Amino acid sequence: MAKKNLIVGQSGGPTAVINSSLYGVVSEGLNHHEEIETVYGMVNGIEGFLEDRILDFRQALPGEKLEYLKTTPGAYLGSCRYKLPESLEDPVYPRLFEKFEKLNIGWFFYIGGNDSMDTVSKLSRYAARIKSPIRVIGEPKTIDNDLVNTDHTPGYGSAAKYVASTVREIVLDASVYEKKSVTIVEIMGRHAGWLTAAGALARKYEGDNPRYIYLPESNFDTESFLKDIESALEKDCCVVVCVSEGIHDASGTFICEYDSAVGTDTFGHKMLAGCGKYLENLVRSRLGVKARSVELNVSQRCSASLMSAADQREAVSAGKFGVQAALKGETGKMVSFIRHTEPDSSCRIECGLEDVNVICNEEKTIPSEWIIRNGSDVSEEFIKYALPLIQGQVEVPLGKDGLPAFVYRK
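What counts as what
Residues numbered from 1 in each chain as written. Predicted model: local features only at pLDDT ≥ 70, side-chain atom pairs only at ≥ 80, totals over all residues. Heavy atoms only, no water. Pairing = 2+ DSSP bridges. Helix = DSSP H or I, 4+ residues; strand = E, 2+ residues; numbered from the N terminus. Axes fitted to C-alpha atoms, helices over the stretch in contact; angles between N-to-C directions. Contact = heavy atoms within 4.5 Å. Salt bridge = Lys/Arg side-chain N within 4 Å of Asp/Glu carboxyl O. Buried < 20%, exposed > 50% of the residue type's maximum accessible area, 1.4 Å probe, protein only. Phe/Tyr/Trp six-rings, centres within 6.5 Å; stacked < 30°, edge-to-face > 60°. Right-handed = clockwise from strand over helix to strand, strands pointing away. Polar contact = N/O pair within 3.5 Å; in protein donor to acceptor, adjacent residues only side chain to side chain.

**Q** Could you give an account of the sheet that holds strand E6 (residues 181–187), with specific residues and numbers?
**A** Where strands meet in a sheet, backbone hydrogen bonds hold them as pairs that are either parallel or antiparallel. Overall, parallel pairing links the four strands, which are arranged E7-E8-E6-E9 in an open sheet. Of all strands in the sheet, those bounded by a partner on one side alone are strand E7 (212–214) and strand E9 (290–295). On average, adjacent strands in this sheet sit at an angle of 20 degrees to one another, irrespective of strand direction. Pairing of E6 with strand E8 (residues 238–244), which is carried by seven bridges, proceeds in the parallel orientation. Pairing of Ile-187 across the sheet is with Ser-244, part of E8. In the packing of helix H8 (residues 222–233) onto the sheet, the strands contacted are E6, E7 and E8, and the crossing angle to E7 comes to about 165 degrees.

So this is what it looks like as structure tokens:
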């Protein structure tokens, strides 16, 4: 059988381990040299591919350099937020497959979140329509942990570890003075509060800060919030709370919209930011106490210094598993994680495959039974779920300047 080539791209927001998934795909592809001639990378995803921006991994990251992908955050190949047309009749599809044929592509991999799985779905359906032999596989990625039909997603464990560690540091900083103060930590999460919930992992004992955690799965009421803060200040002069950027009131209006005009991104999603600042000003004006807000922003998704070893290991395994599945003929699937609880209460994760068509454009939120105290906290069930995902520390290689030795695309 004549050899064919494999191509892989990255899409959406980067994570600490999206390059670990890339490493898994590329290293496994290079290992199957009897079937795979060349492993290509799409520079800036499907959008870059349409503009003929590709690289050959044997030339770009020869030898041991490939290993550095596992400890490099961001997206080595570059990303995009390009949405393929809904209609498979659009001329972009034959154009893409003509390019695939010209490059002798036999396997297409896309690493990303919900919108990226939409791309995998459309390409696999078009391939089936024209009877193309190209195998199309989705590799999951998102710190939001909101992809359905998988226990969790690569990127979440490291981001959750960063959030928990940083919140614990903020709590210690905020407790230095005796003066009453409120610190509001704003964390990413539009409709799913998985990452904000990780703030609960920062607690060292029952009743510790952060005292409250507000998620977008529950309606947020500013008057109830102020009462919660007042109640906490009666017991402790230092109060820290965690809020998702996507918290909204009963009418569905994002809290951040009360502070400033909100734009939209290329997918039509509202660009959320500012609810922490809004609540900071609300606390200061209504309660008359010192208040500040901290927006973790991009650091929560790109920090390699707090990368979870479990997260990195699983991301690599997902990449390798996807290649093995594609070589067996699988297509139109997303690699998933299946959790097995062991007798000693530890958990073991194995890879599986799910139909990407039922995953794209769906969203997994925190189970309602895990949200307690009238929507202001998470239960012990969440703690048990999240703790295994943040375990282990990754040693990031350092350069001669004492800073992380990341790999860069030239």
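From this point, the discussion proceeds with the structure in view.
**Q** Got a sec to walk through the pattern of salt bridges? Specific residues and values, please.
**A** Close approach of charged atoms lets side chains of opposite charge pair. This structure, assessed with the given rule, holds 18 salt bridges. Between Glu-51 and Arg-53 there is a salt bridge, and its shortest N-O distance comes to 2.1 Å. Given the relative accessible area of 30%, Arg-53 is considered partly exposed. Between Arg-129 and Glu-89 there is a salt bridge; the shortest N-O distance is 2.8 Å. Of the two residues, Arg-129 sits in helix H5 (residues 114–129) while Glu-89 sits in the loop between helix H3 (57–60) and helix H4 (92–102), which places them 40 residues apart along the sequence. Taken together, the salt bridges that share partners define one network made up of Lys-83, Glu-86, Asp-118 and Lys-122.

**Q** Residue-level account of the packing of aromatic side chains, with values.
**A** Any two aromatic rings considered together are summarised by their centre-to-centre distance and by the angle between their planes. One pass over the structure, following the stated rule, counts 16 aromatic pairs. Aromatic pair Tyr-214 and Phe-225: ring centres 5.6 Å apart, planes at 70 degrees, arrangement edge-to-face. A residue pair is termed long-range when its members are at least 10 positions apart, and Tyr-214 in strand E7 and Phe-225 in helix H8 qualify at 11 residues. On the basis of relative accessibility, which here comes to 5%, the residue Tyr-214 falls in the buried class.

**Q** Could you give an account of the pairing of E8, naming the residues involved and the relevant values?
**A** With seven of seven residues buried, E8 is to be regarded as a mostly interior element. The two faces of E8 match: Cys-238, Val-240, Cys-242 and Ser-244 on one face and Val-239, Val-241 and Val-243 on the other face are all buried. Regarding topology, H8 serves as the crossover connection from E7 to the parallel E8, and that connection is right-handed.

**Q** Requested: an account of the side chain of His-248, with residues and values cited.
**A** Position of His-248 among the secondary structure elements: in the loop between E8 and helix H9 (275–287). By relative accessible area, His-248 is classed as buried at 16%. Among the polar contacts made by the side chain of His-248, one reaches the main-chain carbonyl oxygen of Pro-216 at a distance of 2.8 Å. Within polar-contact distance, the side chain of His-248 engages the side chain of Asn-219 at 3.5 Å. For His-248, the contacting residues outside a window of four places in its chain are Pro-216, Ser-218, Asn-219, Phe-220, Thr-253, Phe-254 and Ile-255.

**Q** I'd like a description of unusual backbone geometry, backed by residues and values.
**A** Here Asn-209 and Pro-210 are connected by a cis peptide whose omega angle stands at 0 degrees. Looking at where Pro-210 falls in the secondary structure, it is placed in the loop between helix H7 (194–197) and E7. Unlike most non-glycine residues, Asn-44 shows phi in positive territory, near 65 degrees. If you trace the backbone, Asn-44 turns up in the loop between strand E2 (36–42) and helix H2 (45–50). Note on Asn-44: relative accessible area 22%, which makes it partly exposed. One non-glycine residue, Arg-373, lies in positive phi territory at about 55 degrees. For Arg-373, a relative accessible area of 42% puts it in the partly exposed group.

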